[in-house]
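# Tertiary structure, described
Residues per chain, in single letters:
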Amino acid sequence: MKYISKIIFLSIALLFTACSSKNSININKEIKSFSLNKNVVILSALKTVKSPFSVGLGLGGTLSRHVGVNVGTVINPDISNDEALNIEKGLALHNISLGNIIKQEFSRQMENDSFYKNKFVAFGSDYKIYLSVPKYTLDSSLFTDNAYLKVFINLEILNKDNQIIYSTNAVDEITTVKENILLNNKNILTQAVEKSVRKTVVKLINDMKNN
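Numbering of residues starts from 1 in each chain and follows the order in which that chain's sequence is written. Reporting in this predicted model follows two pLDDT cut-offs: at least 70 for local features of residues, and 80 or more for side-chain atom pairs to be given and counted; totals over whole chains, interfaces and linings ignore these cut-offs and use all residues. Processing note: side-chain calculations cover all non-hydrogen atoms of the structure and skip hydrogens and water entirely.

## Notes on the pairing of strand β7 (residues 128-133)
Heads up, the condition is: Remark: exposure states derive from per-residue accessible area (1.4 Å probe, protein chains only) relative to the maximum for the residue type, with buried under 20%, exposed over 50%, and partly exposed in between. The way it works is that DSSP assigns letters per residue, a run of H or I at least four long becomes a helix, a run of E at least two long becomes a strand, and they are numbered from the N terminus. Strands are labelled as partners when DSSP assigns at least two bridges between them.
Residues Ile129, Leu131 and Val133 of β7 are buried on one face, while the alternating residues Lys128, Tyr130 and Ser132, pointing to the opposite face, are not. When strand β1 (residues 35-36) meets β7, the two strands line up parallel, connected through two bridges. The residue of β7 that forms the bridge with Leu36 is Ile129. Of the strand pairs in this sheet, β7 and strand β10 (residues 153-158) are connected by five bridges, and their pairing is antiparallel. Looking across to β10, one finds that Leu131 is bridged to Leu155.

## Examining the packing of helix α4 (residues 98-112) against helix α6 (residues 186-209)
When two helices pack together, you describe them by how their axes are tilted relative to each other and by the distance separating the axes. Here is the rule: Here the axes come from fitting lines to C-alpha atoms, over the contacting stretch only for helices, and the angles between their N-to-C directions go from 0 to 180 degrees. Orientation categories follow fixed angle ranges, with anything under 35 degrees roughly parallel, anything over 145 roughly antiparallel, 65 to 115 roughly perpendicular, and all other angles oblique. Note on convention: the crossing is left-handed when the near helix lies turned anticlockwise from the far helix by less than a right angle, right-handed when the turn is clockwise. Any two residues whose heavy atoms approach within 4.5 Å are treated as being in contact. Ten residues, namely Ala, Val, Leu, Ile, Met, Phe, Trp, Tyr, Cys and Pro, are considered nonpolar, four, namely Asp, Glu, Lys and Arg, are considered charged, and the remaining ones, Gly among them, are considered polar.
Axis separation between α4 and α6 bottoms out at 9 Å; the angle between their running directions is 45 degrees. Considering the angle they form, α4 stands oblique to α6. For the pair α4 and α6, the sense of crossing is right-handed. For the pair formed by α4 and α6, the contact residues are Leu98, Ile101, Ile102, Glu105, Phe106, Arg108, Gln109 and Met110 on the first element and Val193, Glu194, Val197, Arg198, Val201, Val202, Ile205 and Met208 on the second. Tallied by class, the residues present in the contact of α4 with α6 amount to 11 nonpolar, one polar and four charged.

## Here we look at α4
Here is the rule: For a helix, the expected span equals 1.5 Å multiplied by the residue count minus one.
End to end, α4 covers 21 Å across 15 residues, agreeing with the expected 21 Å (1.5 Å per residue, within 8%). Among the residues of α4, Leu98, Gly99, Ile101, Ile102, Glu105, Phe106, Ser107, Gln109 and Met110 are the ones counted as buried.

## Notes on the nonpolar core
Defined as follows: Among the buried residues, those of types Ala, Val, Leu, Ile, Met, Phe, Trp, Tyr and Cys that are joined through side-chain atoms within 4.5 Å form a nonpolar core.
With 41 residues, the main nonpolar core has Phe106, Ile129 and Met208 as its most contacted residues. The element contributing the most residues to this core is α6, with eight residues. Not counting residues up to four positions away in its chain, the partners in contact with Met208 are Ile27, Asn28, Phe34, Phe106, Met110, Tyr116, Ile129, Leu155, Ile157 and Tyr166.

## Side note on α6
Applied cut-off: Throughout this description, a polar contact denotes any pair of N or O atoms lying within 3.5 Å of each other; where both atoms belong to protein, one of them has to be capable of donating a hydrogen while the other can accept it, and for residues adjacent in sequence the pair is counted only when both atoms sit in side chains.
With 24 residues, α6 ought to run about 34 Å at 1.5 Å a step, and its terminal C-alpha atoms sit 35 Å apart, in line with that. Along α6, the residues that are buried comprise Leu189, Thr190, Ala192, Val193, Ser196, Val197, Thr200, Val201, Leu204, Ile205 and Met208. The N-terminus of α6 is capped by Asn185, whose side-chain oxygen sits 3.0 Å from the backbone nitrogen of Asn187.

## Section: the environment of Ala122
Looking at the secondary structure, you find Ala122 in the loop between α4 and β7. In this structure the C-alpha to C-alpha distance between Ala122 and Leu36, which are 86 residues apart in sequence, comes to 7.2 Å.

This is the structure we're talking about:
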C-alpha cells in the first residue's frame, strides 16, 4: 500500500512539474534572439461557415390535462462564406500576396521596435517565429456601405526541437472599407489589407512584450 501511495505521489509531482516547466519560459528574459520563418501559411477560405443567428426548433405534446412535454433544440445553419471567398478571389485576381505583406510588415516592425530590434535576427537563432492566417473576413455594416476587414494572424515561437514554447493570436477590428469598390480596385484592396495587417501585427508584438 505504501508502495502504491509513493507511485501516485511521484506521478502527481511529475505531472505538475511537466505542466509548470512547459509554460514557465519567459520569451523576453530567456530568449536572446529569434528569427522569422519566411513561409507564412495562409489557409484557404471556407466555402461555408456557421450562421451568427440561431434557429430554434421545438416539438410539444400533452401527456394529460395538466402535464405538457416540450422538446426543443437550437441550430446554427451553414451559410455561404461569400465575403471571405470574395477577398480570396480579389487577392488572386490582383496578384496580391497576403503572405508577403504580413512577412514584410512583421519584419519591419520588429526591426524598428526599441525592445526587439537587437533580438530579431535574419538567421542563426535556435528560436523561430512562425506566422499563419487561419481566416480573414469582411463584415458588412447593416446601415452603411462600409465593411470591416479582419485578418486573423497566429504567432508561434518554436525552439530547435520544434516544440512550441509560446503562442498568441490577434485580429484588427476597426479597419473600415467601402465594400462596393474594395474588390474591384487593386490599390484600395492592397491598402486595406496592409492597414489591417499593420494593426494586427502591433497587437501581436505587444502581446509578446507582455509575456
